[in-house]
Protein chains: 2
Amino acid sequence: MTDFSPLLKNINRFVTLTNEEQARLKSILKVSKVKKKQMIIQPGAVCRYRSYIAKGAFRVFYLDDVGKEHTVSIGIEDWFVTDFYSYINQVPATNYAQALEDSVILQMKYEDIELLCKEIHSLSEYFRLTTEKAFAYSRRRVISNISKTAEQRYYEYIEKYPSIANRVPQYILASYLGVSPEFLSKIRSQKISKS
Amino acid sequence: MTDFSPLLKNINRFVTLTNEEQARLKSILKVSKVKKKQMIIQPGAVCRYRSYIAKGAFRVFYLDDVGKEHTVSIGIEDWFVTDFYSYINQVPATNYAQALEDSVILQMKYEDIELLCKEIHSLSEYFRLTTEKAFAYSRRRVISNISKTAEQRYYEYIEKYPSIANRVPQYILASYLGVSPEFLSKIRSQKISKS
DNA sequence: TAAAAAAAATAACAATGGATAAAAAAATAT
DNA sequence: ATATTTTTTTATCCATTGTTATTTTTTTTA
């Protein structure tokens, strides 16, 4: 028996669903356990699900043509994980999504969500409001990327998400910030010598 | 008399609005003419509107503490312009939004849109679907920023948005790509000598 | 708990991109 | 059309960040 309450609580922060609507939503959820390092999305395959992280942590990353990984997003409990472009356009993914820990996700199939959003106004509102927030944050990250040094971005990140920074390997954080792991290591060692 | 049809046509690509719903939407639109270089959003003031560009071009930019401009977005006809974070959270803006040409915008007040989205399911769907697209593109830009060189980002941009690249000053495109205008100039001169 | 694997640190050198200043070219206003 | 302002180019030097290789530390697995 799975506990859907964290997801329902999340939704409740934005909109109100009737009991029947909650039941319909639950009926389309597919619970999956994912082992650490396992991929739930891979380039080439269409990303059919939007996944809510009930337990654990994930990252979405892009593998470039010289084999380097670039982390697009890092998510923990109560976040969603998807290759968003692949998901909303239902075209082959360009990214991987990988469990950073043993995790449990609630998967929602694209077609099911689209149908439910068409039928349940509040659910449409929920995704509208949360995606607007996500978009606003993404724009802030763009500003950070184009206007700040790697050092500034690093300190900005550990201040904003200290628990995540301590939970994921440093080389993954480096690839999220857009710097080499060696350079992030250098940044950190400079800090220690200063303080 | 203003022509609302481009906006309605845009909406129609995603959802269907009844005549009455269209009328309600029109009733909240405020038409504004904006002269080139004029600011429609400024740091400190809450961004009360989501603006549809009926004619002209805009950019949203961040002015950092050493006085340098960083362009967050560039939009032309049939796009929206907003300091998104300020708009959706109704908190003071951190960015400017500036007309790059003499323009005409259709402004929608935050409260009006929120109310209409609560009352008109299709409109909620419209903003959900379009914001999902915007978010997906923003993530792609993040990948580009963290994984590519300035040169690659430049050629990627002019290939993707050739008409915009030719329509805005080069120093603004540079600030969008996250490079100095001098370096963008250098990139361009290298291309010419190669070809 | 020991061995193996993964992650982080260090260091020398290289490349990308920024700062500054000046000149040239283009756009705008008078 | 000319003067003025804005934008772009050019060039030199400097700072930030990447690369490669090696070592140390930490984590995982047997």
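Since the model is a prediction, treat every value here as computed from it, not as a measurement.

Caption draft 1: Structural context of the protein's contact with DNA strand D. Around DNA strand D, the structure places 17 residues, and the nearest of them are Lys68, Ala150 and Glu182 of chain A together with Gln170 and Tyr171 of chain B. Protein-adjacent atoms of DNA strand D, using a 4 Å cutoff, are sugar or phosphate at a proportion of 74%. One of the backbone N or O atoms of Ala150 of chain A is found 2.9 Å from a phosphate oxygen in DNA strand D. Secondary structure elements with two or more residues in the surface near DNA strand D: helix H9 (181-194) of chain A together with helix H8 (170-177) and helix H9 (181-194) of chain B. Looking at the surface near DNA strand D, the element that brings in the most residues is H9 of chain B, giving four residues.

Caption draft 2: Spotlight on the interface of chain A and chain B. The partner chain B presents 44 residues to the 44 residues of chain A that form the contact. On the chain A side of the interface with chain B, the three residues burying the most area are Tyr85, Arg139 and Ile146 of chain A, jointly 17% of the side's total. For the interface between chain A and chain B, the tally reads six salt bridges. For Arg50 of chain A, the salt bridge is made with Glu132 of chain B, and the minimal N-O distance between the two is 2.7 Å. For the pair chain A and chain B, the number of links is 16 residue pairs in polar contact (both at pLDDT 80 or more). The greatest single-element share of the side of chain A that touches chain B, amounting to 22 residues, is contributed by helix H5 (residues 121-147) of chain A. Of the residues belonging to the side of chain A that touches chain B, the class tally is 18 nonpolar, 15 polar and eleven charged.

Caption draft 3: Focus on helix H6 (residues 150-160) of chain B. Looking only at H6 of chain B, the buried set comprises Ala150, Arg153, Tyr154 and Tyr157 of chain B. For H6 of chain B, the angular spread of the buried residues around the axis is 100°, confining them to a single face.

Caption draft 4: How the structure looks around the packing of aromatic side chains. Across all of its chains, the model carries 26 aromatic pairs over all chains by this definition. When the centroid spacing of 5.6 Å and the interplanar angle of 90° are considered together, the rings of Tyr85 of chain A and Tyr137 of chain B count as edge-to-face. Here Tyr137 of chain B lies in helix H5 (residues 121-147) and Tyr85 of chain A lies in helix H3 (residues 84-89), a pairing that spans two chains. The exposure class of Tyr137 of chain B is partly exposed, given its relative accessible area of 35%. Among the aromatic residues, those joined into a ring-pair cluster are Phe14, Tyr52, Phe80, Tyr126 and Phe127 of chain A.

Caption draft 5: Fine view of H5 of chain A. Spanning 27 residues, H5 of chain A covers 39 Å between terminal C-alpha atoms, matching the ideal 39 Å at 1.5 Å per step. Burial analysis of H5 of chain A places 21 of its 27 residues in the buried class, the great majority of the element.

Caption draft 6: Focus on the nonpolar core. Formed by 80 residues in total, the largest nonpolar core has its most connected members in Leu25, Met108 and Leu123 of chain A together with Leu25, Met108 and Leu123 of chain B. Met108 of chain A has contacts with Leu7, Ile28, Leu29, Arg48, Tyr49, Arg50, Tyr52, Phe80, Tyr87, Ile113 and Phe127 of chain A, leaving out every residue within four places of it along the chain. In terms of nonpolar packing, the next biggest core, distinct from the first, is built from 19 residues, Ile76, Leu100, Ala150 and Tyr176 of chain A among them.

Caption draft 7: Layout of the sheet that holds strand E8 (residues 103-109) of chain A. All names here are of chain A. Spatial strand order, E1-E8-E3-E6: four strands in an open sheet with antiparallel pairing. Only two strands of the sheet have a single neighbouring strand rather than two, namely strand E1 (30-34) and strand E6 (80-81). Pairing of strand E3 (residues 49-55) with E8, which is carried by six bridges, proceeds in the antiparallel orientation. Each bridged residue has a counterpart across the sheet, and for Tyr52 the counterpart in E8 is Leu106.

Caption draft 8: Region of interest: the relation of the copies chain A and chain B. At an RMSD of 0.0 Å, chain A and chain B line up after a rotation of 180° and a shift of 0.0 Å along the axis. Seen this way, the second copy is the image of the first under a two-fold rotation axis. Measuring from the rotation axis to each C-alpha of chain A, the shortest distance belongs to Arg128 of chain A, at 2.1 Å. Both copies contact each other with a shared surface, as 100% of the interface residues of chain A are interface residues in chain B too.

Caption draft 9: Examining the pattern of salt bridges more closely. Under the defined criterion, the tally for this structure stands at 26 salt bridges over all chains. The closest approach of N and O atoms between Arg128 of chain B and Glu114 of chain A, which form a salt bridge, is 2.9 Å. With Arg128 of chain B in helix H5 and Glu114 of chain A in helix H4 (residues 110-119), this residue pair bridges two chains. Judged on exposure class, the residue Arg128 of chain B and its partner Glu114 of chain A are both buried. Residue Glu125 of chain A pairs with Arg128 of chain A through a salt bridge whose shortest N-O separation is 2.7 Å. Separated by three residues within a single helix, Glu125 of chain A and Arg128 of chain A lie in helix H5, roughly one turn from each other. No difference in accessibility class separates Glu125 of chain A from Arg128 of chain A, as the two residues are buried.

Caption draft 10: Looking closely at the environment of Ile40 of chain A. Residues and elements named next belong to chain A. For Ile40, the location among the structural elements is in strand E2 (residues 39-41). Sequence spacing of Ile40 and Leu173 is 133 residues, and the spatial spacing of their C-alpha atoms is 20 Å. Here Ile40 is in contact with Val34, Ser51, Phe58, Val81, Ala97 and Ile105, once residues within four sequence places are set aside.

Conventions adopted
- Residues numbered from 1 in each chain as written.
- Chains lettered and ligands numbered in written order.
- Predicted model: local features only at pLDDT ≥ 70, side-chain atom pairs only at ≥ 80, totals over all residues.
- Heavy atoms only, no water.
- Near = heavy atom within 4 Å.
- Polar contact = N/O pair within 3.5 Å; in protein donor to acceptor, adjacent residues only side chain to side chain.
- Helix = DSSP H or I, 4+ residues; strand = E, 2+ residues; numbered from the N terminus.
- Contact = heavy atoms within 4.5 Å.
- Buried area = accessible area lost by both parts, 1.4 Å probe.
- Salt bridge = Lys/Arg side-chain N within 4 Å of Asp/Glu carboxyl O.
- Nonpolar A, V, L, I, M, F, W, Y, C, P; charged D, E, K, R; others polar.
- Buried < 20%, exposed > 50% of the residue type's maximum accessible area, 1.4 Å probe, protein only.
- Arc of directions from axis to C-beta.
- Phe/Tyr/Trp six-rings, centres within 6.5 Å; stacked < 30°, edge-to-face > 60°.
- Expected span 1.5 Å × (residues − 1).
- Core = buried A, V, L, I, M, F, W, Y, C linked by side-chain atoms within 4.5 Å.
- Pairing = 2+ DSSP bridges.
- Least-squares fit on C-alpha atoms with pLDDT ≥ 70 in both.

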